[in-house]
Protein chains: 2
Amino acid sequence: MLERVGNRDALLAGAKQCLTERGWARTTVRDIAFAAGVNHAAIGYHFGSRESLLVQALVDAVEELTDTVAARAGDGSPEERWQALIDTFSTHRPLWIAQLEAAVQAEHSPALREHLAAAQRQGREGLGGSVPLALLTGLMLQWLVDPEAAPSGAEVVSELRAHAAES
Amino acid sequence: MLERVGNRDALLAGAKQCLTERGWARTTVRDIAFAAGVNHAAIGYHFGSRESLLVQALVDAVEELTDTVAARAGDGSPEERWQALIDTFSTHRPLWIAQLEAAVQAEHSPALREHLAAAQRQGREGLGGSVPLALLTGLMLQWLVDPEAAPSGAEVVSELRAHAAES
């Protein structure tokens, strides 16, 4: 039983590693099993499917990341907090791209979509609403495509205040 | 010469149709040529590559869509304007997904990333800044994955005001 629990954690860690190195679409069950050092049949046993394991790994990894950011910048100004989140777009780029890949794949998988919906509800709670969650993912898209034109934490906060005052 | 101009427009229209029906990744040059009713060699002649044509079609289609929304809801309240944009997530779902697909593909294509960066700069100008652009794409992700928990136009505006007041 202890070994089984160990396998589960190893699979999650292996899946996180694969998501970071290869992204969502190109990670196979064999990649994960190899990274985890366990037989790939263990994926079905512990998680039911590749998708279910990958989404669990994605949700865990993003949660760990935002927890780390909150611990580091939680007491800072809004500008500093946004900048700390924005910094993760480059330090954890493959993880953020994996989220986009997952959303695209979810078009063809109701089970995956349900997993991502649950993750989104968590993200909404963690960040304090739909608007900060939307801002975070929308800024991520801008940073991935065009970091030079994307706004800094200070620019986000000043634009946010101006935009809210106008609307 | 007239026929060549016609071919170019036909290819753009065919590419828009393919993006809407199949999305980004699954659209081949043959699909576009068939939809356009022209030889697929015309893609290279007019656009240089499949990606270059697809991104042009995507940018055009999104611009047409946001222009239509602006014409329809531009005089309305902020709540009505956000709701009109949000409504396009379901009426033009494949087009929005194509944007995510393009962003994922851009990870492996500097040329595509440059096209998308230019499109993003246009979007930023059209919407009035990085924050509204980020909000729009971030809300789109929430609507694609979990429309039941995603916010309405009125909720976006009220959350935005509360969030700006706090920060």
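None of these values were measured; they are calculated from a predicted model. (Residues numbered from 1 in each chain as written. Chains lettered and ligands numbered in written order. Predicted model: local features only at pLDDT ≥ 70, side-chain atom pairs only at ≥ 80, totals over all residues. Heavy atoms only, no water.)

(A) Region of interest: the relation of the copies chain A and chain B. Relative to chain B, chain A is turned by 180° and slid 0.0 Å along the rotation axis, the superposed coordinates differing by an RMSD of 0.0 Å. In the structure described here, the two chain copies are related by an operation that fits a two-fold rotation axis. Ranked by how close their C-alpha atoms come to the rotation axis, the residues of chain A are headed by Gly138 of chain A, at 2.1 Å. Taken together, the interface assignments show that 100% of the residues at the interface of chain A recur at the interface of chain B, consistent with an identical surface on both copies. (Least-squares fit on C-alpha atoms with pLDDT ≥ 70 in both. Contact = heavy atoms within 4.5 Å.)

(B) Broad picture of the interface of chain A and chain B. Every contact between the two is made by 44 residues of chain A and, on the other side, 44 residues of chain B. Summing both sides of the interface, chain A and chain B together bury roughly 3,900 Å²; the carbon and sulfur share of this comes to 63%. Two residues, Glu107 of chain B and Arg93 of chain A, come together in a salt bridge whose shortest N-O distance is 2.7 Å. Where chain A meets chain B, there are 16 residue pairs in polar contact (both at pLDDT 80 or more). For the side of chain A that touches chain B, the secondary structure elements donating two or more residues are α5 (78-91), α6 (93-105), α7 (110-127), α8 (130-145) and α9 (153-166) of chain A. Examining the composition of the side of chain A that touches chain B, we find that 13 residues originate from one element, α8 of chain A, more than from any other. When the residues that make up the side of chain A that touches chain B are grouped by side-chain class, the tally is 24 nonpolar, 10 polar and 10 charged. (Buried area = accessible area lost by both parts, 1.4 Å probe. Salt bridge = Lys/Arg side-chain N within 4 Å of Asp/Glu carboxyl O. Polar contact = N/O pair within 3.5 Å; in protein donor to acceptor, adjacent residues only side chain to side chain. Helix = DSSP H or I, 4+ residues; strand = E, 2+ residues; numbered from the N terminus. Nonpolar A, V, L, I, M, F, W, Y, C, P; charged D, E, K, R; others polar.)

(C) Highlighting the packing of α7 of chain A against helix α8 (residues 130-145) of chain B. Running from amino to carboxyl end, α7 of chain A crosses α8 of chain B at an angle of 135°, the nearest separation of the two axes being 9 Å. Considering the angle they form, α7 of chain A stands oblique to α8 of chain B. In the crossing of α7 of chain A with α8 of chain B, the sense of the turn from one axis to the other is left-handed. Contacts between α7 of chain A and α8 of chain B involve Arg113, Leu116, Ala117, Gln120 and Arg124 of chain A from the former and Leu141, Gln142, Leu144 and Val145 of chain B from the latter. By residue class, the composition of the contact of α7 of chain A with α8 of chain B is 5 nonpolar, 2 polar and 2 charged. (Axes fitted to C-alpha atoms, helices over the stretch in contact; angles between N-to-C directions. Parallel < 35°, antiparallel > 145°, perpendicular 65-115°, else oblique. Left-handed = near helix turned anticlockwise from the far one by under 90°.)

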